[in-house]
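# Examination of the molecular architecture
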Amino acid sequence: MPKISVEIPDELLADLDEHVGDDGKFVNRSDAVRASIRKTLDTLDEIDARHGRLTDEDGSDE
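Source: prediction; values computed, not measured.

Reading guide: rules and limits
Residues numbered from 1 in each chain as written. Predicted model: local features only at pLDDT ≥ 70, side-chain atom pairs only at ≥ 80, totals over all residues. Heavy atoms only, no water. Helix = DSSP H or I, 4+ residues; strand = E, 2+ residues; numbered from the N terminus. Buried < 20%, exposed > 50% of the residue type's maximum accessible area, 1.4 Å probe, protein only. Areas by Shrake-Rupley, 256 points an atom, 1.4 Å probe, with all protein chains shown as cover. Patch = residues over 30% accessible without salt bridge, like charges linked within 9 Å, V, L, I, M, F, W, Y side chains within 5 Å. Salt bridge = Lys/Arg side-chain N within 4 Å of Asp/Glu carboxyl O. UniProt positions renumbered as here; feature names shortened; annotations may be inferred. Axes fitted to C-alpha atoms, helices over the stretch in contact; angles between N-to-C directions. Parallel < 35°, antiparallel > 145°, perpendicular 65-115°, else oblique. Contact = heavy atoms within 4.5 Å. Nonpolar A, V, L, I, M, F, W, Y, C, P; charged D, E, K, R; others polar.

Our focus in this paragraph is the overall build of the protein chain. On a plain count of helices and strands, the protein chain comes out with two helices and zero strands. For the protein chain, the residues scored as buried account for 2% of the 62 residues in total. Surface exposure of the protein chain reaches about 5,800 Å², of which carbon and sulfur atoms provide 50%.

Nonpolar side chains collect at one region of the surface, where I4, V6, I8 and L12 lie side by side and expose about 400 Å² of accessible area between them. When you line up the elements, V6 lands in the segment before α1 (10-17). The class of V6 is exposed, set by a relative accessible area of 54%.

With that out of the way, let us pick up the UniProt feature "domain: Ribbon-helix-helix protein CopG" (unreviewed entry) in the protein chain. The sites that carry the UniProt feature "domain: Ribbon-helix-helix protein CopG" (unreviewed entry) are, in the present numbering, residues 4-42. Split by type, residues 4-42 is 56% helix and 0% strand. Its first and last C-alpha atoms lie 21 Å apart.

This part takes up the environment of L54. By the secondary structure assignment, L54 is in the segment after α2 (29-50). Classification of L54 by relative accessible area gives partly exposed; the value is 35%. A C-alpha to C-alpha distance of 9.8 Å links L54 and L44, two positions ten residues apart in sequence.

Moving on: the pattern of salt bridges. Note on pairing: side chains with opposite charge can pair once their charged atoms come close. Applying the stated criterion to the full structure yields two salt bridges. Its salt-bridge partner being D17, residue R29 comes within 2.8 Å of it at the nearest N-O pair. Taken together, the residues span a long stretch of sequence, with R29 in helix α2 and D17 in helix α1 at a distance of twelve residues. For R53, the salt bridge is made with D48, and the minimal N-O distance between the two is 3.1 Å. Judged by its relative accessible area of 23%, D48 falls in the partly exposed class.

A separate point is the packing of α1 against α2. Contact pair α1 / α2: the axes reach a minimum separation of 10 Å and the direction vectors enclose 100°. Here α2 runs roughly perpendicular to α1, going by the angle between their axes. In contact with L13, L16 and D17 of α1, α2 contributes R29, A32 and V33. Partitioned by chemical class, the residues of the contact of α1 with α2 number four nonpolar, no polar and two charged.

So, in structure tokens, the structure goes:
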């Protein structure tokens, strides 16, 4: 799995950390970031579908 590096403001990271760990929803920061990206992409796909902008798997228009 590729690794990436991002800069995150302290306040946003603190908010993220409230949801990570034994009492949180995610086991670690990476898990939380992946879940957030998936949710964002799903939302964008739904918006694109409503506006007729979805493309097929190879990236070309349907």
